[in-house]
Amino acid sequence: TIKINTREAGSVESIIGEEGSLLQQGDTIIVLSNPDLLRSIEDQRDEWEKQMITYQEQEIEMEQKSLNLKQQALTNNYERLKKSIALDREEFQMGLKSKAQLQVAEDEYNYKLKNAALQQESLRHDSAVTMIRKELIRNDRERERKKYERTHERLNNLVVTAPIKGQISFVRVTPGQQVSSGE
């Protein structure tokens, strides 16, 4: 004789296996209903969907930031800076610019050169951080998906099945009866 307990609490919706019935392993004996569990699963699904939207928004923000950094790096192109200072020096040699104007242009060139180097470093750093954040987001997504699946699997526990092949000797529940988990 094997005693079969429910894994989830609920109300006995129907009794499929009657006393004396021969059952195969996996045959349904009792079907329970649990509106609280269904609400909990729906809430979990809604939370999971919100998390997925948040993760997508984070990925979009990271991509936008990376694109902005790349655009800034292109704006401060080294070759353009070199050509600009070379032109300023040539204009000074030709007498079109004063020594003070050349000094301002060289200071501006040095500033832009350092700024461009910092932007390149920032772009490299952002790329590494973005890769790490994307991996963390993927892990979070996977964890949330598994959490939702585990919650959803609890629905299967509302159907009490025969663990082995055999005959039902007696059923201690009646339709509409509330049963606790493990009862």
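Participant: Could you clarify how one ought to interpret the side chain of T151 in this entry?
Facilitator: By secondary structure assignment, the location of T151 is in helix α3 (residues 99-153). Take T151: its relative accessible area is 13%, and that puts it in the buried class. Once residues within four sequence positions are removed from consideration, T151 is found in contact with I41 and Q44.

Participant: Which parts of the structure should I look at to understand the layout of surface pockets?
Facilitator: Which parts of space are left empty comes out when a probe the size of a water molecule is rolled across the atoms. Of the pockets and cavities examined, the largest pocket occupies roughly 670 Å³. Sorting the residues of the lining of the largest pocket by element identifies β3 (28-33) and β5 (166-167) as the ones contributing at least two each. Looking at which element gives the most residues to the lining of the largest pocket, the answer is β3, with three residues. Roughly 210 Å³ of internal volume is contained in the second largest pocket. If you go around the second largest pocket, the residues you meet are I4, N5, T6, R7, N156, N157, V159, V160, T161, A162 and P163. Among the residues forming the lining of the second largest pocket, the class breakdown is five nonpolar, five polar and one charged.

Participant: Looking at this model, I keep getting lost on the nonpolar core. Mind explaining?
Facilitator: What tends to happen in soluble globular proteins is that the nonpolar side chains get buried as a cluster. Counting residues in each nonpolar core, the largest one holds 14 residues, and the members touching the most others are V12, I29, I30, L32 and V173. Mapped onto this core, the elements with two or more residues apiece are β3 and α1 (35-75). In terms of residues, this core owes the most to one element, β3, which gives three residues. For V12, the contacting residues outside a window of four places in its chain are I30, V31, L32, V173, T174, P175, G176, Q177 and V179. L81, A105, Y109 and A116 belong to the second-largest nonpolar core, a separate cluster that totals five residues.

Participant: I'm lost on the pattern of salt bridges in this one. Help?
Facilitator: Side-chain pairs of opposite charge can arise where the charged atoms are in close proximity. Tallying each qualifying case throughout the model produces 17 salt bridges. Put simply, R39 and D36 hold a salt bridge, and the shortest N to O gap is 2.4 Å. Here D36 and R39 lie together in helix α1, a separation of three residues that amounts to about one turn. By relative accessible area, D36 is classed as exposed at 52%. A salt bridge links R141 to E59, with the shortest nitrogen-to-oxygen separation between them at 3.5 Å. With R141 in helix α3 and E59 in helix α1, the pair connects residues that are 82 residues apart, well separated along the chain. Judged by its relative accessible area of 24%, R141 is partly exposed.

Participant: What exactly am I supposed to notice about α3 here?
Facilitator: An α-helical segment advances 3.6 residues per turn. Residues three or four places apart therefore align on the same side. With 55 residues, α3 extends 79 Å between its outermost C-alpha atoms, agreeing within 8% with the 81 Å of an ideal straight helix rising 1.5 Å per residue. Of the positions making up α3, those classed as buried are L102, A105, Y109, A116, Q119, L123, D126, T130, I137, E144, Y148 and T151.

Participant: Whenever I open this one, the environment of Y55 confuses me. Can you help?
Facilitator: With respect to the helices and strands, Y55 occurs in helix α1. Given a relative accessible area of 6%, Y55 falls into the buried group. Considered as a pair, Y55 and I29 are 26 residues apart in the sequence and their alpha carbons are 42 Å apart. With near-sequence residues (within four places) excluded, Y55 lies in contact with I137, D140, R141 and E144.

Procedures and definitions
- Residues numbered from 1 in each chain as written.
- Predicted model: local features only at pLDDT ≥ 70, side-chain atom pairs only at ≥ 80, totals over all residues.
- Heavy atoms only, no water.
- Helix = DSSP H or I, 4+ residues; strand = E, 2+ residues; numbered from the N terminus.
- Buried < 20%, exposed > 50% of the residue type's maximum accessible area, 1.4 Å probe, protein only.
- Contact = heavy atoms within 4.5 Å.
- 1 Å grid on protein atoms, 1.4 Å probe; cavity = no way out; pocket = protein on both sides within 12 Å on 5 of 7 lines; lining within 4 Å.
- Points joined across faces, edges and corners; volume = space filled by probe spheres on them.
- Nonpolar A, V, L, I, M, F, W, Y, C, P; charged D, E, K, R; others polar.
- Core = buried A, V, L, I, M, F, W, Y, C linked by side-chain atoms within 4.5 Å.
- Salt bridge = Lys/Arg side-chain N within 4 Å of Asp/Glu carboxyl O.
- Expected span 1.5 Å × (residues − 1).

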